[in-house]
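The chain contents come next:
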Amino acid sequence: MQETRPYPGARGSWLFRALLLLAAVVMAALALSPAAQAAEEAEDGAHYVVPLGKAVGIKLFAQGVLVVGLSDLTTDQGLSSPAQACGLQPGDVITHINGTQVGSIEQVQELLQDLQGQEMALTVTRDEATQTLTARAARCSDDGQYKLGAWIRDSMAGIGTLTFADPETGLFGTLGHGINDVDTAVLMKLQSGAITPASVAGVTKGQNGRPGELRGTFSASQTLGTLYANTQSGVFGYLQDPEAITGTPVPVAEEDEVHTGQATILSNVSGTQVEEYTVEILKVYDDSKDARDLMLRVTDQRLLEQTGGIVQGMSGSPILQDGKLVGAVTHVLIDHADRGYGILAQNMLDQAAQSQQA
């Protein structure tokens, strides 16, 4: 089977189709620990979290293997495409071969060689529905290996931004949008994943019609937390050491508390340093369902001079207004580099809770 390796990201950050997904822990000394302070302050009924803004590496391993493309094979009998012949399509997720669960490219390759071209049943998920396809791998004359003629992917990695952490439970949210496959735009179904320390090494400044990006590196050896959900409203998990959270807990704003006007974002656009920058919320949308609940414009000259506004790699940067966490940056407007979209923080928390119950 032809294969494609984990997509490394666009020089350290993700580009998902035409929507450019953005990225970027403010630390403050407290007399009380964040968890204790949050518990003390939560008597008003509000949900308190620590807004972060720190760049992290994100590694995601998918459930099954994702088909990202089809191709012909050269065999002794001529060109052949078993994947196309059996009805496989880009965007399909192969979860089982002859009843054996598969989760990696290597595992799929091994099973195909063991079967040596025998008929097999592929269990496939397509558009949230499961179906079974009957296929027979062909022997490629180039290398003698049995293949389906399908390009597949089993994992992705890149840089994003921690939006918040719950000091009591260690729950964290990042990105404010899902991790989609770069070729098919399909939301990657999470099998396992983790966040790791990261550092921003440079910035390609954004311009109207030409989005910029953060360039960074992340550690593959140190784990800060593990993931449990990849959703359209963000990626969620638990920190390994919740007591390591430092910062001042703030209440999460209800939807009707978010309004147009001045606000700030926390973002990590150089090294590991998190800074607060001024923005203006231009519009709050009603009943948005695609991680674009509000539109904002960068007004801080420091950020405009450094990045041109909002760039790829800033996804997840927390948005603060009136002393509350109101949302997270999610997308940049390609034709307006200083503007972007954001998701409401309450929607992220709601999705985090729903994913735990699923």
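Above this text is the structure in question.
Residues numbered from 1 in each chain as written. Predicted model: local features only at pLDDT ≥ 70, side-chain atom pairs only at ≥ 80, totals over all residues. Heavy atoms only, no water.

Quick word on unusual backbone geometry
Then comes step 1: The residue Q116 is not glycine, and still its phi comes out positive at about 50 degrees.
Then comes step 2: Topologically, Q116 is positioned in the loop between α3 (105–115) and β8 (119–126).
Then comes step 3: On the accessibility criterion, Q116 (54% relative accessible area) is exposed.
Then comes step 4: Notably, D322 is not glycine yet its phi reads approximately 55 degrees, a positive angle.
Then comes step 5: Locating D322 in the fold gives a position in the loop between β22 (318–321) and β23 (324–333). (Helix = DSSP H or I, 4+ residues; strand = E, 2+ residues; numbered from the N terminus. Buried < 20%, exposed > 50% of the residue type's maximum accessible area, 1.4 Å probe, protein only.)

Here we look at the pairing of strand β20 (residues 273–284)
Then comes step 1: Alignment of strand β19 (residues 261–270) against β20, held across eight bridges, turns out to be antiparallel. Counted as the bridge partner of Q262 is E280 from β20.
Then comes step 2: As consecutive antiparallel partners, β19 and β20 are separated by two residues, and within that stretch G271 has a phi angle of approximately 55 degrees, a positive value.
Then comes step 3: Bridging between β20 and strand β21 (residues 294–298) involves five bridges; their strand directions are antiparallel. Within β21, the position partnered with I281 by the bridge is L296. (Pairing = 2+ DSSP bridges.)

A short note on the nonpolar core
Then comes step 1: Core analysis: the biggest nonpolar cluster contains 26 residues, and V258, I265, I281, L294, L296, L303 and I319 have the highest contact counts within it.
Then comes step 2: Breaking this core down by element, the ones donating at least two residues are β14 (190–204), β19, β20, β21, α4 (301–307) and β23.
Then comes step 3: In terms of nonpolar packing, the next biggest core, distinct from the first, is built from 23 residues, V67, L111, A135 and A150 among them. (Core = buried A, V, L, I, M, F, W, Y, C linked by side-chain atoms within 4.5 Å.)

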